[in-house]
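Read off the chains here:
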There are 2 protein chains.
Amino acid sequence: MENIYWTIYRDYADQIEQGRLSPDSKLPSENQLAKRYGTSRETVRKALHLLSQNGYIHKIKGKGSFVLHVNKFDFPVSGLVSFKEVATKSGKEWNTDVVSLETGKPDPYVASQLNIQGSEAIWKVVRVREVGGEKIILDKDHFHKGLIPPLTKDICRESIYEYLERSSEVKISFAKKVITIEGATEEDERLLDLDRYAMMAVVRNYVYLDDSTLFQYTESRHRPDKFRFVDFARRY
Amino acid sequence: MENIYWTIYRDYADQIEQGRLSPDSKLPSENQLAKRYGTSRETVRKALHLLSQNGYIHKIKGKGSFVLHVNKFDFPVSGLVSFKEVATKSGKEWNTDVVSLETGKPDPYVASQLNIQGSEAIWKVVRVREVGGEKIILDKDHFHKGLIPPLTKDICRESIYEYLERSSEVKISFAKKVITIEGATEEDERLLDLDRYAMMAVVRNYVYLDDSTLFQYTESRHRPDKFRFVDFARRY
DNA sequence: GAGTGGTCTAGACCACTCA
DNA sequence: GAGTGGTCTAGACCACTCG
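Before going into details, it helps to say that this report is about the structure given with it. Fair warning: this is a prediction, and the values are worked out from it, not measured in the lab.

### Considerations on the pairing of strand 5 (residues 134-144) of chain A
Side chains on a regular strand alternate between the two faces of the sheet.
All names here are of chain A.
Consideration 1: Burial within strand 5 is extensive, with nine of its eleven residues counted as buried.
Consideration 2: Across ten bridges, the pairing between strand 4 (residues 122-131) and strand 5 is antiparallel. Note that in strand 5 the partner of arginine 127 across the bridge is aspartate 139.
Consideration 3: Counted between consecutive antiparallel strands, the loop separating strand 4 from strand 5 contains two residues, among which glycine 132 sits at a positive phi close to 55°.
Consideration 4: Across seven bridges, strand 5 lies against strand 8 (residues 214-222) in antiparallel orientation. Bridge pairing in strand 8 links aspartate 139 to serine 220.

### A few points about the protein's contact with DNA strand D
Consideration 1: Near DNA strand D, the surroundings consist of 25 residues, among which A:Ile4, A:Thr39, B:Arg41, B:Glu42 and B:Arg45 are the closest.
Consideration 2: A share of 69% of the atoms of DNA strand D within 4 Å of the protein falls on sugar and phosphate groups.
Consideration 3: At a separation of 2.8 Å, a phosphate oxygen of DNA strand D approaches a polar backbone atom of A:Ser40.
Consideration 4: The contact in question runs from a base nitrogen of DNA strand D to an N or O atom on the side chain of A:Arg41, over 3.4 Å.
Consideration 5: At the level of secondary structure, the elements contributing two or more residues to the surface near DNA strand D comprise helix 1 (4-17) and helix 3 (41-53) of chain A together with helix 3 (41-53), strand 1 (57-60) and strand 2 (64-67) of chain B.
Consideration 6: A per-element tally of the surface near DNA strand D places helix 3 of chain A first, with four residues.

### A closer look at the environment of B:Tyr217
Residue and element names in this part refer to chain B.
Consideration 1: With respect to the element layout, tyrosine 217 can be found in strand 8 (residues 214-222).
Consideration 2: Excluding residues within four positions of it along the chain, tyrosine 217 makes contact with Tyr109, Val110, Gln113, Leu114, Lys140, Asp141, His142, Arg204, Asn205 and Tyr206.
Consideration 3: Within the local environment of tyrosine 217, its side chain forms a polar contact with the side chain of arginine 204, the two groups lying 3.1 Å apart.

### What about the protein's contact with DNA strand C?
Consideration 1: Neighbouring DNA strand C are 25 residues; A:Arg41, A:Glu42, A:Arg45, B:Ile4 and B:Thr39 lie closest to it.
Consideration 2: The contact atoms of DNA strand C, taken as those within 4 Å of the protein, divide so that sugar and phosphate hold 68%.
Consideration 3: A distance of 3.0 Å is found between a phosphate oxygen of DNA strand C and a side-chain nitrogen or oxygen belonging to A:Lys59.
Consideration 4: At 2.7 Å, a backbone N or O of B:Ile4 approaches a phosphate oxygen of DNA strand C.
Consideration 5: Contributions of two or more residues to the surface near DNA strand C are made by helix 3, strand 1 (57-60) and strand 2 (64-67) of chain A together with helix 1 (4-17) and helix 3 of chain B.
Consideration 6: Counting residues per element, the surface near DNA strand C draws most heavily on helix 3 of chain B, which supplies four residues.
Consideration 7: The residue inventory of the surface near DNA strand C, partitioned by class, reads three nonpolar, ten polar and twelve charged.

### A short note on the nonpolar core
All names here are of chain A.
Consideration 1: Phe143, Ile148, Leu151, Ile160, Leu164 and Phe215 are the most contacted members of the largest nonpolar core, which totals 18 residues.
Consideration 2: Elements represented by at least two residues in this core include exactly strand 4, helix 6 (153-157), helix 7 (160-167), strand 6 (172-183) and strand 7 (199-209).
Consideration 3: Filtering out sequence-adjacent residues up to four positions away, leucine 151 remains in contact with Leu101, Trp123, Val125, Phe143, Ile160 and Tyr163.

### Focus on the side chain of B:Ser65
Consideration 1: Along the polypeptide, B:Ser65 turns up in strand 2.
Consideration 2: Each residue touching B:Ser65, except ones within four places of it in the same chain, is listed here: B:Ser25, B:Lys26, B:Leu27, B:Leu48, B:Ile57, B:His58 and B:Lys59.

What counts and how
- Residues numbered from 1 in each chain as written.
- Chains lettered and ligands numbered in written order.
- Predicted model: local features only at pLDDT ≥ 70, side-chain atom pairs only at ≥ 80, totals over all residues.
- Heavy atoms only, no water.
- Buried < 20%, exposed > 50% of the residue type's maximum accessible area, 1.4 Å probe, protein only.
- Helix = DSSP H or I, 4+ residues; strand = E, 2+ residues; numbered from the N terminus.
- Pairing = 2+ DSSP bridges.
- Near = heavy atom within 4 Å.
- Polar contact = N/O pair within 3.5 Å; in protein donor to acceptor, adjacent residues only side chain to side chain.
- Contact = heavy atoms within 4.5 Å.
- Nonpolar A, V, L, I, M, F, W, Y, C, P; charged D, E, K, R; others polar.
- Core = buried A, V, L, I, M, F, W, Y, C linked by side-chain atoms within 4.5 Å.

Remember, this is a structural readout, not a statement about activity or role.
Shown next, in the form of structure tokens:
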């Protein structure tokens, strides 16, 4: 139940994702929705605004709200979605191999990325992502040790995000992604099925908590032929 | 003046961009802002929500709204910003060379991307972007001819977006970007300073109008060492 | 003219933080 | 307990679309 606007948002986001509402079809008007959910029009508008921001619908003044053509299975979808969420949605066979899970002092580069001073310890997780039988993505995660509950290999094999969200001590708030293209390293070649590719798509992810402290730095290295990033943007 | 919430948004976005409000500093409370702008709290909240979505500020319940560390000069900033906007903000010396500007029938690939049927004509613009003396980006723009006012080489050398926004017949609403990495083509090699690079970062941009018709398809091909894409995302 | 979404108001109650 | 942001309400007026 929770928030009314969130309920409305989920209702329609789910219907659109599952194709039960087809593209170009018209949503009920804001007044109708307000009556149906027993709430005020402004609350309905909050939900529709969210749907619009996330590329589910499009609103036209004087006409109504319409379902957009959503390309499902875009990888990775823009935003803060975890590998597991994306992989399971895509329906492809996938697997995560935890190469290493250790705790200790960060090397200087990571320390600077995480704004770490002095002798603070971190969790360092290295994972290889296998999709369709090929080792394609190398994920190197770094967390402030003091900020999260203890990790295990089993948790890393599933989804660290799901674990953190459930354990609820930690609230993820926002993130910044930087995408660049860089030469493959010796490590990439050793751990992945690189074929002849010499370059990698590198996504650096900086994740912040609710109180705006930086708590995670992740480097996600993708084989270029399998890399695809989708971004939906709206003018105001 | 226009909308109140837009005025408030611009006021603070400008102050933060120009560094007149330093990171971590606290904004006035929503009630104070409502008084100061002679408006209601909900309207102030709309402006703050926009600032928050765009990565300018961060709101903490019970405490207030705080300025985030904005990395200026990130190229390209997430969203619908044109090359000219980004280039001028970065302060680097830049130049646009209009390789060709023609109108006619699209080839089959572009026609399918633009959802063109039958004998509709398009504008096709090919531009080379030079930054710091190097030809780095190849932009191939395609517009439905019937949807926009006529283009000239001079307009293409400046900013097509500025021109379209001023001419006001056309209202850009939302866009979808897809980033992939692909092999360099013979055309890339001929028109750009590619050095030894064999791959390109390709950004396909699908731009829609207010009535949700697709009106532009652009392929933006970047030399990999100069490519950088930044995305700011928020959990709700 | 009826219906739609866009903006705005003046309140209300809540959960949270901090002194 | 005073102040903060988060949610919600029940209205209002406007600009726009369409028959």
